[in-house]
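# Residue-level structure breakdown
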Amino acid sequence: EVQLVESGGGLVQSGGSLRLSCAASEFTFSNYWMSWVRQAPGKGLEWVANIKQDGSEKYYVDSVKGRFTISRDNAKNSLYLQMNSLGAEDTAVYYCARPQRGYDYGDYDYWGQGTLVTVSS
Amino acid sequence: QSVLTQPPSVSAAPGQKVTISCSGSISNIGNDYVSWYQQLPGTAPKLLIYDNNKRPSGIPDRFSGSKSGTSATLGITGLQTGDEADYYCGTWDSSLSARVFGGGTKLTVL
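Let us look at the structure shown here. These figures come from a predicted structure and were not determined experimentally. Residue positions are counted from 1 within each chain, in the order its sequence is given. Here every chain gets a letter starting at A, and every ligand a number starting at 1, in the order they are written. Two thresholds apply to this predicted model, a pLDDT of at least 70 for residue-level local features and 80 or more for giving and counting side-chain atom pairs, whereas whole-chain, interface and lining totals are computed over all residues. Side-chain measures here rest on the full set of heavy atoms in the structure, leaving out hydrogens and waters.

## Considering the state of the cysteines
Counted only if it meets this: Any two cysteine sulfur atoms lying within 2.5 Å of each other are counted as a disulfide. Working definition: helices are DSSP H or I runs of at least four residues, strands are E runs of at least two. Numbering for both runs from the N terminus. The buried label applies to any residue whose accessible area, calculated with a 1.4 Å probe on protein chains only, is under 20% of its type's maximum; exposed applies above 50%, and partly exposed to all values in between.
Counted under the stated rule, the structure contains 2 disulfides over all chains. Across the disulfide from Cys22(A) sits Cys96(A); the S-S distance is 2.0 Å. Here the S-S torsion is close to 55 degrees, and the disulfide linking Cys22(A) with Cys96(A) is therefore right-handed. Of this pair, Cys22(A) sits in strand 3 (residues 18-25) while Cys96(A) sits in strand 9 (residues 92-101); the two residues are 74 residues apart in sequence, bridging distant segments of the chain. For the pair Cys22(A) and Cys96(A), a shared accessibility class is recorded, and that class is buried. Between the sulfur atoms of Cys22(B) and its disulfide partner Cys89(B) the distance amounts to 2.0 Å. The disulfide joining Cys22(B) to Cys89(B) has a torsion of about 75 degrees about its S-S bond and is therefore right-handed. Highlighted residues: Cys22(B) in strand 2 (residues 18-23) and Cys89(B) in strand 7 (residues 85-93), separated in sequence by 67 residues. Each member of the pair Cys22(B) and Cys89(B) is classed as buried.

## Comments concerning the pattern of salt bridges
Put simply, the rule reads: Should a side-chain nitrogen of Lys or Arg be within 4 Å of a carboxyl oxygen of Asp or Glu, the pair is scored as a salt bridge.
As enumerated under the stated definition, the model contains 11 salt bridges over all chains in all. For Asp90(A), the salt bridge goes to Arg38(A), with nearest N and O atoms at 2.9 Å. Of the two residues, Asp90(A) sits in the loop between strand 8 (78-83) and strand 9 while Arg38(A) sits in strand 4 (residues 34-39), which places them 52 residues apart along the sequence. Classification of Asp90(A) as buried rests on a relative accessible area of 0%. Among the ionic pairs, Asp83(B) bridges to Arg62(B), the shortest N-O distance being 2.9 Å. Note that Asp83(B) is positioned in the loop between strand 6 (71-76) and strand 7 and Arg62(B) in the loop between strand 4 (46-49) and strand 5 (63-68), a separation of 21 residues in sequence. Each member of the pair, Asp83(B) as well as Arg62(B), is classed as buried. Through salt bridges with shared partners, a single ionic network connects Arg38(A), Glu46(A), Arg67(A) and Asp90(A).

Rendered as structure tokens:
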């Protein structure tokens, strides 16, 4: 069965950095765009970023541009999110998500369990 | 404030039908496919509808989707208590070059 397992979340001070990882298994990771989606406590979903199969295209929500970097290592079947200059507004559960057809049409059929990032002031 | 507008809550009795609207603009819903997700408390979202009106395997036909212009609608018939959840629409916004979600709608099955 397809699995996505996030790690790297935790408590960090405002202005700090954190690197999230998403380990993928049981599918050909290099054939799929991948995305990060976050959800602040008690709030709705917010798409954060996505990355093309070979890493040549990346897109970000405006609120994280210049601070977050999405990357991937297809040899390790892993997706990453480097988060710098963190603020309270970045406190959320971060999910990695896979689109069902390879290209990112927004049809995410597999999600990780999420990893909680808490930014303290 | 979300780019896509959904009602904060809807409710209906078991066995009844409910619709959830998702309103956008020409740069998002008017220009791309809409997906819908169900999120039960404490769990990751689950894909219900993609490409405006298609259901992934395993999703019952009680769930349906439609799109007209810059709005989309999720329909749920034969409501069950297990359908109580938050529902989100999503699409790509070409002006923002980003994927956007609606603010979510909490469904209560009375």
